[in-house]
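A closer look at the structure
Take a look at the letters that make up each chain.
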Amino acid sequence: MSHLEMHQFICRTDNYGLLVHDHKTGATASIDAPDAVEIEKQLKKRGWQLTHIFTTHHHGDHVEGNAALKEQFGCVIIGPRAEADRIPGIRKEVSGGEAFAWAGRDVKVLACPGHTKGHIAYHIPSEYSVFAGDTLFSLGCGRVFEGTMDEMYHSVTQFKSLSPSTYVYCGHEYTESNARFALSVEPINRMLQQRAGIVSQLRQEGKMTCPSTIGEELKANPFLRTDSPAIRKNLNMEGASDAEVFAELRRRKDVFKS
Ligand SMILES: [Fe+2]
């Protein structure tokens, strides 16, 4: 079986658009729908017909294109059951722990409460790809708006058990400011220093910094590194639990001036 083709682009200001295409069946999914006009343009460029939208959560910058794209393509919108009343055009409701078949592959649904209450991520193990929405970002994680810090800690931590070769596709290009925060809490991390250098070079060239991989995130993303002695020392939290360190990191990031 040939691999799915991923086509990623920036839309709105810092949202990622992502089209996932299966050459064999022609199936094409948009991961979220931040901008119908841009998504349509990118589809046209590739000669693809949109068959599905995988929605991660109800925020406007992730569902705004749903209605227009559904009207134009008649695509099936899949999204979180817990937020179904806030996902325009939703036809198939899914929850964490479930799986469904798409283009001959298994798609596993991960529950990710925290950023929103019903946030989900989509994992396609055979493609080593996870669509993390606004839960896990490169070198960072999403803000906790609707859930608790504890929920977000568990949501983010579950990504650690995915294969290190898994590509992480996330909802926003926030990597450069995430890198600045990460360096402020773990300045001696060589892998982080290296990645921050690559990220700033890419941004200077106007290029995207994602996807990264789970392996890269494990080495540099402070929200996956709550057991790092350097981070704990920096926060003066050597004896705290991982969930407590996570919550403190998230609180500090909320007010961090990058
Ligand atoms: Fe969001």
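Here's what I pulled together on the structure shown here. (Residues numbered from 1 in each chain as written. Predicted model: local features only at pLDDT ≥ 70, side-chain atom pairs only at ≥ 80, totals over all residues. Heavy atoms only, no water.)

**What about the overall build of the protein chain?**
- Of regular secondary structure, the protein chain possesses nine helices and 14 strands.
- Against the 2.2 N^0.38 benchmark of 18 Å for 258 residues, the protein chain shows a C-alpha radius of gyration of 18 Å, consistent with a compact globule.
- Of all 258 residues assigned to the protein chain, the portion counted as buried reaches 55%.
- Long-range contacts, defined here as pairs at least 24 residues apart, represent 59% of the contacts in the protein chain between residues at least 6 apart.
- By element, 50% of the accessible surface of the protein chain is carried by carbon and sulfur atoms, the whole surface being about 11300 Å². (Helix = DSSP H or I, 4+ residues; strand = E, 2+ residues; numbered from the N terminus. Rg over C-alpha atoms; globule rule 2.2 N^0.38 Å. Buried < 20%, exposed > 50% of the residue type's maximum accessible area, 1.4 Å probe, protein only. Contact = heavy atoms within 4.5 Å. Areas by Shrake-Rupley, 256 points an atom, 1.4 Å probe, with all protein chains shown as cover.)

**Re the side chain of Arg-105**
- Along the chain, Arg-105 falls in strand 8 (residues 105-111).
- Residue classification places Arg-105 among the buried residues on the basis of a relative accessible area of 3%.
- A polar atom in the side chain of Arg-105 sits 2.7 Å from the backbone oxygen of Ser-2.
- One polar contact links the side chain of Arg-105 to the main-chain carbonyl oxygen of Ala-103, over a distance of 2.7 Å. (Polar contact = N/O pair within 3.5 Å; in protein donor to acceptor, adjacent residues only side chain to side chain.)

**So, the sheet that holds strand 5 (residues 76-80)**
- Across the sheet, which stays open at both edges, the six strands sit in the order 1-2-3-4-5-6 with mixed pairing between neighbours. Pairing within the sheet leaves two strands with one partner each, and these edge strands are strand 1 (5-11) and strand 6 (90-94). When the angles between neighbouring strand axes are averaged without regard to direction, this sheet yields 25°.
- Bridge analysis of strand 1 against strand 2 (residues 15-21) gives seven bridges, and the strand direction is antiparallel. Note on strand 2: the bridge partner recorded for Glu-5 is His-21. (Pairing = 2+ DSSP bridges. Axes fitted to C-alpha atoms, helices over the stretch in contact; angles between N-to-C directions.)

**Considering the packing of aromatic side chains**
- In this structure the tally under the stated criterion is ten aromatic pairs.
- Where Phe-54 meets Phe-100, the ring centres are 5.6 Å apart and the plane angle is 85°; that geometry is what we call edge-to-face. Here the residue Phe-54 occupies a position in strand 4 (residues 52-54), and Phe-100 occupies one in strand 7 (residues 99-102), the gap between them amounting to 46 residues.
- Residue classification places Phe-54 among the buried positions, given a relative accessible area of 1%. (Phe/Tyr/Trp six-rings, centres within 6.5 Å; stacked < 30°, edge-to-face > 60°.)

**Considering the nonpolar core**
- In this structure, Leu-136, Val-156, Phe-159 and Leu-249 are the most contacted members of the largest nonpolar core, which totals 26 residues.
- Of all elements in the fold, only strand 10 (129-133), helix 4 (149-157), helix 5 (175-185), helix 8 (229-235) and helix 9 (242-254) reach the threshold of two or more residues within this core.
- Here this core takes four residues from helix 9, the largest share from any one element.
- Residues within four places of Phe-159 in sequence aside, it is in contact with Leu-110, Cys-112, Ala-121, Val-130, Ala-132, Thr-135, Leu-136 and Ile-214.
- Core analysis: the second largest hydrophobic core is formed by 20 residues, Leu-4, Val-76, Val-109 and Ile-120 among them. (Core = buried A, V, L, I, M, F, W, Y, C linked by side-chain atoms within 4.5 Å.)

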